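# Secondary and tertiary structure notes
So the chains spell out like this:
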Amino acid sequence: MKKIIFTLGVAILFVLSLANCTSAKQAISVTDEEKAAFSQTEGDTITIRDEKTEYEIIIIEPGFDFWLQSIAKPEGYYSQSFLENRNRIMVIEWNQRVMQPYRYNSNLYELRIDYDPNIDYGYEVNYKLYNYFIYFQRKYNQRLGPFVPRV
């Protein structure tokens, strides 16, 4: 009797692992408006800063500002703790890819992001960093964590 249960358990785990593999390869549906943002060639320079904390991130990415203003969820949609948790996960993955230029495209992952989860960077920095990660994943068809990058 125990062998049947064990075999059934292994079969269920195998089926679940197959389901996880196929869901990880889920295609992202990109709107025409997003495609327009992705196809821009003029460089946007976005400075992300929080005046209270004096932290700053500079992003130079064509189309990001347009995408942020027209497609991204508005400020206040997410809580700061949600943004911090997601940013923590994506920064770790980003930095791992920076350290592996032969495995990951070094043109995409050029510089390490110095993001300390023990520092309160404020809402605006976390909001714009999170949205850059979403933009980046959608534009370049990348995954920086277990979540499908949705808008």
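Please refer to the structure placed before this passage.
Report on the accompanying structure.

Taking 1.5 Å as the rise per residue, helix α4 (residues 80-98) with 19 residues should run 27 Å; its terminal C-alpha atoms sit 26 Å apart, in good agreement. Within the span of α4, buried status applies to Leu83, Glu84, Asn87, Met90, Val91, Trp94, Asn95, Arg97 and Val98. Burial along α4 is one-sided: seen end-on, the buried residues are contained in an arc of 145 degrees. Where α4 is buried, its residues meet α5 (123-140).

Counted as a void, the largest pocket has a volume near 480 Å³. Taken together, 16 residues line the largest pocket, and the ones lying closest to its centre are Ile58, Trp94, Leu108, Leu111 and Tyr132. For the lining of the largest pocket, the secondary structure elements donating two or more residues are β2 (55-60) and α5. Across the lining of the largest pocket, the residue classes tally to 12 nonpolar, one polar and three charged. Empty space within the second largest pocket amounts to approximately 210 Å³. As for the second largest pocket, its lining consists of 15 residues, and the residues nearest its centre are Arg86, Tyr130, Phe147, Val148 and Arg150. Those elements giving two or more residues to the lining of the second largest pocket turn out to be α4 and α5. Per element, the largest residue contribution to the lining of the second largest pocket is three residues, and it comes from α5.

Rules and cut-offs
- Residues numbered from 1 in each chain as written.
- Predicted model: local features only at pLDDT ≥ 70, side-chain atom pairs only at ≥ 80, totals over all residues.
- Heavy atoms only, no water.
- Helix = DSSP H or I, 4+ residues; strand = E, 2+ residues; numbered from the N terminus.
- Expected span 1.5 Å × (residues − 1).
- Buried < 20%, exposed > 50% of the residue type's maximum accessible area, 1.4 Å probe, protein only.
- Arc of directions from axis to C-beta.
- Contact = heavy atoms within 4.5 Å.
- 1 Å grid on protein atoms, 1.4 Å probe; cavity = no way out; pocket = protein on both sides within 12 Å on 5 of 7 lines; lining within 4 Å.
- Points joined across faces, edges and corners; volume = space filled by probe spheres on them.
- Nonpolar A, V, L, I, M, F, W, Y, C, P; charged D, E, K, R; others polar.

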